[in-house]
Amino acid sequence: MSGESTLNAPLFYGKRFNDPFVLNSNLYIPNDFYTALDFALYLAIKNPIYTQAARRTVAHFITDIGFVGKTGSEQEQKDLKGFLVDELGLLEACLQGGMEERIYGNGFCRIHFPFNRYLIDRRNGYRLISVDAFNPDEMTYNYKNLTYRVPDPMTAHLPAEQRKFVDLEFMDRAFHDTSGIRLTFIKPQQMMLQMNYISGETEYIYKFDEFFRADIEAGRKIYQVNSTPLDMLEAISKGEDFKFKADTIFHFKNPFISGVSNNGWGIPDILLNYNAIHQMQVLHCINEAVGLDYILPYRLLSPTPQSAQGGADAATSMNLGPWMQAMHQLIKKQRQDPTSIHAVPFPVNYQELGGNGKALAPVDLLKDQTDTVLDSAGFPAELWHSSLTVQQIPTALRLFESTWVHLHRRLNNFVKWVSKNVLDYMEREQQGVKLLLPSIADDLEQKHIYLQMAAGGEISRKTAYKAFNIEEPVEEASRRAKEDMEIEKEKQKAQEEFEREMTLGSANQVVDAMVQAQGGSGGPPPGPPPGGGGPGMPPPQNGGAVTPLDIEQQGAEQAQQMLQIQDTGERRKALMQIKASNPTLYAVVQRKMEDMRQEGASQGRKMAGQPQ
């Protein structure tokens, strides 16, 4: 068979179809795992859609820190949560760890605990000297002997040219200061894994970066040496890699089915979806080629064919070289001055070729392929497009969260691991820390159900309102009642002011009426109007002018009559008629009515034996 497959392949005109699994993209798959990690990083950088979809997926499961059980007081839990979230940046570390698992298939995090480094001087007894007491520019480090070369403290009082240098060993002491704790991630390319195939136990070995090892061996960059733990410096001094102790490193590992010899490593999802990503990139490449060649049309200028008097074509009977040069100059001048006008000896034909790039661009294919890539990687396209409708959210989110249940479990274990190691370092009691589950889907349904149950009296308002961050419903109800009372007071006050203004008139109207009744601002009283008194005024006696006493008397009589009218509407109508005919008399009537009301109220209290 000469190596030919014995499977029955379909025939087409006597020739076999190409194997559909032998794609062009398969030619670029690396055959070394560490090269595959670099390739996964390259794919993530060149495909921002995939990377951002992975970020959104991880971010969905990063919620908040909670506590299990009754370990620690409420204040201790609050302090621990504040440190983990605000100072240590635990949630940001969760996002980075989840992203590295999504891209590399693996993520490695260690906790750097601060320490104080002391030089040991054994010449006159045993003395410890902090490395911070020396100028870093005057210090060097010998990586083979694990010693610092520093100015001799015994000659510190001498002039600079007389001082000596001494080589001193050193030791590290932990100090319980949370400000120096750091969460640091290690590139998977720097890790080696040794897994037992029976127990599954894995040892983690760190390969130092070449540039970092070179800095330590040179001994000049003291800042690199001072912050590196002693056990790592010992490994460098021996030219060895560094093996982490058990439970001092956390491994974000992407799960995969058995049958792949991964030696404890997680398989990068981005490589499993490489064929779909490769096809999407092919469409992007086509789209770029269309944009470069077909979006802008080619613009051509040519002489219009025309017959001369002798029957010959002028365009073919002359040398077109100078004409082409003239056209180039015309184009150049037109670009410099778009308002310029040019003259040509005969008509010029203008043509546009191409320009149909919009029809050639694979827009729909790109959209479909993008959705295919996201769906095949487990990232819902609706989540990426932010198009989840309200009716579909609960069901879709539950299916999505079930698909990625391992991601939340890994992040939750990471939170517990960090909390445990930090509390051990600080020599404090352990607390049940956990990462809360996403609650978007549950909240959408439970909030409505809780409100219905609270309205029916089946559960307490405190339980129902807790989903809305309302801790004390009684206090909230009291605030609402006070608000309602204040609103009613303001409404009643506004209504009373409106009725008073309708009854007594505005303040300006009362003042004007009083001034008019007194004959103006200090001037003589006005003379009688032509033809006698005006409407609503008493007729002038003996042909004289109307005096204030006449107005007072008429006002008292009118007020007595108004108070006898029981219908408020009729009384207001009568008052409006007086106001329209004689504002002065209207003001006096209002005042008299008020006085009569007060006098009647006083008499009533006196008869009832109440104090006035």
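Structure shown above.
Bear in mind the structure is a predicted one, so any value in this text is a computation, not a measurement. (Residues numbered from 1 in each chain as written. Predicted model: local features only at pLDDT ≥ 70, side-chain atom pairs only at ≥ 80, totals over all residues. Heavy atoms only, no water.)

Peer 1: Just give me the short version of the pairing of strand S4 (residues 106–112), but keep the residues and values in it.
Peer 2: The element S4 is extensively covered by neighbouring structure, given that 7 of its 7 residues are classed as buried. Burial of the side chains of S4 extends over both faces: Asn106, Phe108, Arg110 and His112 are buried on one face and Gly107, Cys109 and Ile111 on the other. For S4 and strand S14 (residues 249–253), the ladder comprises 5 bridges, and the chain directions are antiparallel. From the neighbouring strand, Gly107 faces S14, where its bridge partner is Phe252. (Buried < 20%, exposed > 50% of the residue type's maximum accessible area, 1.4 Å probe, protein only. Helix = DSSP H or I, 4+ residues; strand = E, 2+ residues; numbered from the N terminus. Pairing = 2+ DSSP bridges.)

Peer 1: Could you give me a rundown of the sheet that holds strand S7 (residues 140–142), with the residues and numbers involved?
Peer 2: The sheet built from 5 strands is open, its strands ordered S6-S5-S9-S8-S7 with antiparallel pairing. Two strands in the sheet have a free side with no partner beyond their single neighbour: strand S6 (127–130) and S7. Each strand of the sheet is rotated relative to its neighbour by a mean of 45°, with strand direction disregarded. Note that strand S5 (residues 115–121) and strand S9 (residues 165–174) share 6 bridges and pair antiparallel. Bridged to Asn116 within S9 is Arg173. (Axes fitted to C-alpha atoms, helices over the stretch in contact; angles between N-to-C directions.)

Peer 1: Describe the packing of aromatic side chains, with residues and values.
Peer 2: By the definition in use, this model includes 22 aromatic pairs. Centre to centre, the rings of Phe33 and Trp265 are 5.0 Å apart; their planes meet at 55°, and the pair counts as tilted. Within this pair, whereas Phe33 is found in helix H1 (residues 33–46), its partner Trp265 is found in the loop between S14 and helix H8 (269–272), the two being separated by 232 residues in sequence. The exposure class of Phe33 is partly exposed, given its relative accessible area of 25%. Geometry around Tyr118 places Arg173 over its ring, the cationic atom sitting 5.9 Å from the centre. Taking NZ or CZ as reference, Lys207 lies 4.3 Å from the ring centre of Tyr34, over its face. (Phe/Tyr/Trp six-rings, centres within 6.5 Å; stacked < 30°, edge-to-face > 60°. Lys NZ or Arg CZ within 6 Å of the ring centre and 35° of its normal.)

Peer 1: Please set out the sheet that holds S14 residue by residue, giving values where relevant.
Peer 2: Spatially, the 3 strands line up as an open sheet ordered S10-S4-S14, and their pairing is antiparallel. Edge positions in the sheet fall to strand S10 (182–186) and S14, since each has one partner strand and no second. Taken over all neighbouring pairs, the strand axes of this sheet differ in orientation by 25° on average, direction set aside. Each of S4, S10 and S14 touches helix H4 (residues 90–104); the most contacted strand, S10, lies at about 10° to it. (Contact = heavy atoms within 4.5 Å.)

Peer 1: Pulling in residues and values, what's your account of a nonpolar patch on the surface?
Peer 2: On the surface, a cluster of nonpolar side chains totalling about 360 Å² of accessible area is made up of Leu301, Ile331, Val344, Val348 and Tyr350. As for its position among the elements, Tyr350 is in strand S16 (residues 348–353). (Patch = residues over 30% accessible without salt bridge, like charges linked within 9 Å, V, L, I, M, F, W, Y side chains within 5 Å. Areas by Shrake-Rupley, 256 points an atom, 1.4 Å probe, with all protein chains shown as cover. Salt bridge = Lys/Arg side-chain N within 4 Å of Asp/Glu carboxyl O.)

Peer 1: Give me the packing of helix H20 (residues 548–564) against helix H21 (residues 568–581): which residues, what numbers.
Peer 2: Contact pair H20 / H21: the axes reach a minimum separation of 9 Å and the direction vectors enclose 155°. As far as their axial angle goes, H21 and H20 are roughly antiparallel. When the axes of H20 and H21 are compared, the crossing they make is right-handed. Residues Gln558, Met562 and Leu563 of H20 form the contact with H21, whose participating residues are Arg571, Ala574, Leu575 and Ile578. Split by residue class, the contact of H20 with H21 holds 5 nonpolar, 1 polar and 1 charged. (Parallel < 35°, antiparallel > 145°, perpendicular 65-115°, else oblique. Left-handed = near helix turned anticlockwise from the far one by under 90°. Nonpolar A, V, L, I, M, F, W, Y, C, P; charged D, E, K, R; others polar.)

Peer 1: Now, about the packing of helix H9 (residues 274–293) against helix H12 (residues 363–376): what can you tell me, with residues and values included?
Peer 2: Pairs of packed helices are described in terms of their axes, by the angle between the two and the distance that separates them. Viewed as axis vectors pointing N to C, H9 and H12 meet at an angle of 160°, and their least axial separation amounts to 9 Å. The angle between H9 and H12 falls in the class roughly antiparallel. Judged by the twist between their axes, the crossing of H9 over H12 is left-handed. Contacts between H9 and H12 involve Ala276, Ile277, Gln279, Met280, Leu283, His284 and Asn287 from the first element and Leu365, Leu366, Gln369, Thr370, Val373 and Ser376 from the second.

Peer 1: So what's going on with unusual backbone geometry? Residues and values would help.
Peer 2: Phi angles above zero are rare outside glycine, and Leu146 is one such case at about 55°. Secondary-structure assignment places Leu146 in the loop between S7 and strand S8 (147–151). A positive phi angle, close to 55°, is found at Glu427, a residue other than glycine. Inspection of the secondary structure puts Glu427 in the loop between helix H15 (405–425) and strand S17 (432–435).

Peer 1: I'd like a rundown of the pairing of S5, residues and numbers included.
Peer 2: A regular strand places its side chains on the two faces of the sheet in alternate fashion. Burial analysis of S5 places 5 of its 7 residues in the buried class, the great majority of the element. Alignment of S5 against S6, held across 4 bridges, turns out to be antiparallel. Pairing of Leu119 across the sheet is with Ile129, part of S6. Hairpin connection of S5 to S6: 5 residues between the antiparallel strands, including Gly125 at a positive phi of 90°.

Peer 1: An account of the pattern of salt bridges is needed here, citing residue identities and associated values.
Peer 2: Taken as a whole, this structure holds 22 salt bridges when the rule is applied. Here Glu476 makes a salt bridge to Arg479, at a shortest N to O gap of 3.2 Å. Taken as a pair, Glu476 and Arg479 lie in helix H18 (residues 473–504) at a separation of 3 residues, close to a single helical turn. You can call Glu476 partly exposed: its relative accessible area is 36%. Classification of Arg479 by relative accessible area gives partly exposed; the value is 44%.

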